[in-house]
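Spelled out, the chains give:
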Amino acid sequence: MLESLQNEQVKFIASLQRRKVREETQLYVIEGWRFVAEALRRDAPIKKVYVSLKGKQSEWRDLREGLQDRRIPFEEADERVFRKMSATEEPQGILAVVNQTRYTWDDIHIDGKSVVLVLDGVQDPGNLGTILRTALAAGVRYVCLTSGTVDIYNPKVLRSTMGALFSLVLLPGLSPEAVLSFCQKQGLRTILGDTKGRALYETNLLNGPLALVVGNEGNGPSFTFQREDVQRVTIPMAQEVESLNVAMATGILLYEIVRQRDFL
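Here is what the cut-offs are and how they apply
Residues numbered from 1 in each chain as written. Predicted model: local features only at pLDDT ≥ 70, side-chain atom pairs only at ≥ 80, totals over all residues. Heavy atoms only, no water. Helix = DSSP H or I, 4+ residues; strand = E, 2+ residues; numbered from the N terminus. Polar contact = N/O pair within 3.5 Å; in protein donor to acceptor, adjacent residues only side chain to side chain. Contact = heavy atoms within 4.5 Å. Salt bridge = Lys/Arg side-chain N within 4 Å of Asp/Glu carboxyl O. Buried < 20%, exposed > 50% of the residue type's maximum accessible area, 1.4 Å probe, protein only. Phe/Tyr/Trp six-rings, centres within 6.5 Å; stacked < 30°, edge-to-face > 60°. pLDDT = per-residue confidence, 0-100. Pairing = 2+ DSSP bridges.

## Re the side chain of Q260
Then, in step 1: Tracing the backbone shows Q260 in helix α9 (residues 246-261).
Then, in step 2: Within the local environment of Q260, its side chain forms a polar contact with the backbone oxygen of T203, the two atoms lying 2.9 Å apart.
Then, in step 3: Once you skip the residues sitting within four places of it in the chain, Q260 turns out to touch L200, T203, N204, L205 and L206.

## A short note on the pattern of salt bridges
Then, in step 1: Under the definition given, this model contains 11 salt bridges.
Then, in step 2: Where E23 meets R19, a salt bridge forms, and the shortest distance between an N and an O atom there is 2.9 Å. Of this pair, E23 and R19 both sit in helix α2 (residues 19-25), 4 residues apart, which is roughly one turn of the helix.
Then, in step 3: By relative accessible area, R19 is classed as partly exposed at 41%.
Then, in step 4: Note that E38 and R42 form a salt bridge whose closest N and O atoms lie 2.6 Å from each other.
Then, in step 5: Here the salt bridges do not stand alone but share partners, grouping E38, R41 and R42 into one network.

## Things to note about the packing of aromatic side chains
Then, in step 1: Scanning the model with the defined rule gives 5 aromatic pairs in all.
Then, in step 2: Ring geometry for F35 against F166: centres 5.8 Å apart, planes inclined by 50 degrees, an arrangement best described as tilted. On the criterion of sequence distance, the pair formed by F35 in helix α3 (residues 33-41) and F166 in the loop between α7 (155-161) and β7 (169-174) is long-range, its members being 131 residues apart.
Then, in step 3: Assessed through its relative accessible area of 9%, F35 is described here as buried.
Then, in step 4: Here a set of aromatic residues connected by ring pairs shows up, and it is made of W33, W60 and F74.

## So, the confidence of the model for the protein chain
Caution is warranted with low-pLDDT regions, since their predicted coordinates should not be read in detail.
Then, in step 1: For the protein chain, the mean per-residue pLDDT works out to 92, and 98% of the residues sit at or above 70.
Then, in step 2: Strand β6 (residues 142-146) holds the highest mean pLDDT among the elements of the protein chain, 98, whereas helix α4 (residues 57-69) holds the lowest, 87.

## Some remarks on the pairing of strand β4 (residues 94-99)
Then, in step 1: Among the 6 residues of β4, 5 are classified as buried, and the element is accordingly described as predominantly covered.
Then, in step 2: In this structure, strand β1 (residues 27-31) lies alongside β4, joined through 5 bridges in antiparallel fashion. Bridge pairing in β4 places Y28 opposite V98.
Then, in step 3: As paired strands, strand β2 (residues 46-51) and β4 are joined by 5 bridges and run antiparallel to one another. Within the sheet, the bridge partner assigned to V51 lies in β4 and is I94.

Shown next, in the form of structure tokens:
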């Protein structure tokens, strides 16, 4: 039982709320009964689990069995100590330290039906988490994130994903030039979500592997992606609405690809 606020383990877990520490240690923290259960279900690389069992014995009984089956260590902490480790105002009483999974270009395997999502400078944590969750639901497996995109292990991003990141191949910190080079080498047709593009529903998205690029909330995509061999598509809007939230727009774009290809 962890009972001291000065315990080095407690201090370390609290420090993982800082991006610099997460990057140095290649670890991050997830919180909540549903989130930890989802991590276990999706075989995430959980390093250790911490619990504060006030009124949660039944939930813990079921989860503990899964942890024991996978030989994942766990430890109890009193409520005061748990609050120090937690990043939420009202902790649910469970958190897990998870190893970051690092992927490379070699982990992206392209076939005729592949859809690669490219997130170019998306900065709002809630938007990023929602996009990742939507992408997984739409059948996307591979996501490239350019430099300037919010940290995928930001606590707000993690909560918004609802566990989707455990099933995605994520490549963060890329340059737009590196992304375009990969798309060209792999024969990916590159589509850019843009307010000045061709109407989405008039665009044939049926054939071949595809990369969909969506840009920053305020400034749109990088200049690098605004080139002749990148096809621009736009979502038609009524009532003089100029643009949509990037997470909403990405969902519409992805599901039009799903509708045309009928692969769900």
